[in-house]
Amino acid sequence: MSDPVLIAAGAADLVVEGVGTALRRAGALLGRSDLAALAQDGREELRQRGRLALRRHARATESHMELLARRAASRGTGPGDA
């Protein structure tokens, strides 16, 4: 047999094995009694991961207190300014 045919057959076998594994895992999940809690935990983990990813890739912003201090300083509203 030629290489392309063997490679295609190997890839197809890998896909079928992966689908079978995924279906077995899904069946095991559906049989759990704590499925709702598991889904909630997964959702919370995804939210936390998303928050961390946004912090990692987002532009650093000033904290709220630093922003207020800069505004006050630019207005000259300090204790000695009267």
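Visitor: Before we move on, can you summarise the pattern of salt bridges with the specific residues and values?
Guide: Evaluated as defined, the whole model comprises two salt bridges. Among the salt bridges present, the one from Glu44 reaches Arg47, with a minimum N-O distance of 3.1 Å. Of this pair, Glu44 and Arg47 are both found in helix 2 (residues 35–57), three residues apart, which corresponds to roughly one turn of the helix. Notably, a salt bridge pairs Glu45 with Arg49, separated by 3.4 Å at the nearest N-O pair. Here Arg49 and Glu45 lie together in helix 2, a separation of four residues that amounts to about one turn.

Visitor: Can you lay out a nonpolar patch on the surface for me, pointing to particular residues and giving the numbers?
Guide: A cluster of nonpolar side chains, contributed by Met1, Val5 and Leu6, occupies part of the molecular surface with about 360 Å² of accessible area. Mapped onto the elements, Val5 comes out in helix 1 (residues 3–30). Using a relative accessible area of 43% as the deciding quantity, one classes Val5 as partly exposed.

Visitor: Run through helix 3 (residues 64–75), naming residues and quoting values.
Guide: The end-to-end C-alpha separation of helix 3 is 17 Å, in line with the 16 Å expected for 12 residues at 1.5 Å each. For helix 3, the buried fraction is low: zero of the 12 residues fall into the buried class. Once helix 3 ends, the next one or two residues include Gly76, with phi positive near 75°.

Visitor: Describe the confidence of the model for the chain, and please don't skip the residues or the numbers.
Guide: Across the chain, pLDDT averages 82, with 89% of residues at or above 70. Within the chain, the lowest mean pLDDT, 85, falls on helix 2, and the highest, 87, falls on helix 1.

What counts as what
Residues numbered from 1 in each chain as written. Predicted model: local features only at pLDDT ≥ 70, side-chain atom pairs only at ≥ 80, totals over all residues. Heavy atoms only, no water. Salt bridge = Lys/Arg side-chain N within 4 Å of Asp/Glu carboxyl O. Helix = DSSP H or I, 4+ residues; strand = E, 2+ residues; numbered from the N terminus. Patch = residues over 30% accessible without salt bridge, like charges linked within 9 Å, V, L, I, M, F, W, Y side chains within 5 Å. Areas by Shrake-Rupley, 256 points an atom, 1.4 Å probe, with all protein chains shown as cover. Buried < 20%, exposed > 50% of the residue type's maximum accessible area, 1.4 Å probe, protein only. Expected span 1.5 Å × (residues − 1). pLDDT = per-residue confidence, 0-100.

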